[in-house]
Amino acid sequence: MAAASARAGLLKHLRVRPAVSGLRTILHRSVVPSMTNVFHRFFSEEIKGTFLDKSEVSDRVISVVKAFEKIEPSKVTPKAHFQNDLGLDSLDSVEIVMAFEEEFGFEIPDNEADKITSIELAVDFIASHPQAK
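In this text the structure is predicted, and so the values were computed from the model without any measurement. (Residues numbered from 1 in each chain as written. Predicted model: local features only at pLDDT ≥ 70, side-chain atom pairs only at ≥ 80, totals over all residues. Heavy atoms only, no water.)

(A) Focus on a nonpolar patch on the surface. Taken together, the side chains of Leu-91, Val-94 and Met-98 make up a nonpolar region of the molecular surface, amounting to roughly 290 Å² of accessible area. With respect to the element layout, Val-94 can be found in helix α6 (residues 90-104). (Patch = residues over 30% accessible without salt bridge, like charges linked within 9 Å, V, L, I, M, F, W, Y side chains within 5 Å. Areas by Shrake-Rupley, 256 points an atom, 1.4 Å probe, with all protein chains shown as cover. Salt bridge = Lys/Arg side-chain N within 4 Å of Asp/Glu carboxyl O. Helix = DSSP H or I, 4+ residues; strand = E, 2+ residues; numbered from the N terminus.)

(B) The arrangement of the packing of helix α5 (residues 54-67) against helix α8 (residues 119-127) in detail. Between α5 and α8, the least distance of the axes is 9 Å, while the angle of their chain directions is 130°. Here α5 lies oblique to α8, going by the angle between them. Crossing angle aside, the handedness with which α5 passes α8 is right-handed. Counting all contacts with α5, which are made through Lys-54, Val-57, Ser-58, Val-61, Ile-62 and Val-65, the residues of α8 involved are Ile-119, Ala-122, Val-123, Asp-124, Ile-126 and Ala-127. The residue inventory of the contact of α5 with α8, partitioned by class, reads 9 nonpolar, 1 polar and 2 charged. (Axes fitted to C-alpha atoms, helices over the stretch in contact; angles between N-to-C directions. Parallel < 35°, antiparallel > 145°, perpendicular 65-115°, else oblique. Left-handed = near helix turned anticlockwise from the far one by under 90°. Contact = heavy atoms within 4.5 Å. Nonpolar A, V, L, I, M, F, W, Y, C, P; charged D, E, K, R; others polar.)

(C) Focus on the packing of aromatic side chains. Summed over the entire model, instances satisfying the criterion amount to 2 aromatic pairs. Where Phe-82 meets Phe-100, the ring centres are 6.4 Å apart and the plane angle is 40°; that geometry is what we call tilted. Placement of the pair is Phe-82 in the loop between α5 and α6 and Phe-100 in helix α6, with a sequence separation of 18 residues. (Phe/Tyr/Trp six-rings, centres within 6.5 Å; stacked < 30°, edge-to-face > 60°.)

(D) Region of the structure containing the nonpolar core. Grouped together as the largest cluster of nonpolar side chains are 27 residues, with contacts concentrated most on Val-61, Val-65, Phe-82, Phe-100 and Ile-119. Listing elements by their share of this core, those giving two or more residues are α5, α6 and α8. Broken down by element, this core gets its largest block of residues, 6 residues, from α8. With residues near it in sequence (within four places) discarded, Ile-119 still touches Val-61, Ile-62, Val-65, Val-76, Thr-77, Pro-78, Ala-80 and Phe-82. (Core = buried A, V, L, I, M, F, W, Y, C linked by side-chain atoms within 4.5 Å. Buried < 20%, exposed > 50% of the residue type's maximum accessible area, 1.4 Å probe, protein only.)

(E) Examining the confidence of the model for the chain more closely. Of the residues in the chain, 62% have a pLDDT of 70 or more, and the chain-wide mean is 75. Throughout residues 43-47 the model reports pLDDT below 50, and contacts reaching past four residues in sequence, or to other chains, amount to 4 contacts. (pLDDT = per-residue confidence, 0-100.)

(F) Examining the environment of Ser-90 more closely. Tracing the sequence through the fold places Ser-90 in helix α6. Given the relative accessible area of 52%, Ser-90 is considered exposed. It is 9.2 Å that separates the C-alpha atoms of Ser-90 and Thr-117, two residues lying 27 residues apart in sequence.

(G) Just α8, in detail. Among the residues of α8, Ile-119, Ala-122, Val-123, Phe-125, Ile-126 and Ala-127 are the ones counted as buried. On its buried face, α8 is in contact with α5, α6 and α7 (110-113).

This is the structure in structure tokens:
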């Protein structure tokens, strides 16, 4: 601590300003990663996977729902709500989500599965998920 105050006094006496801005630039470049580096690290091709086309997802979701034994296929529309329009209960909705998991080859977390209450929400979620196949 004494060395730091002596250095500061000496620099002040000689009227030489320490290169703080240069030091910040050096530290910023070496310690703080840029957003580009962070983006490439976390979203590189081998990690992120590919996203499915929304129309393909919609067709596959509708076919899964139509194949469900408790649903009349003529009632299935792209905007159909599982409980209100298709007459499913909460257990049936869980079974539908499990069928989506099987169809698209990835696990849907429980907190997200609870939010999937319609065909439209299922399509949006699955189309935006990088692991859907």
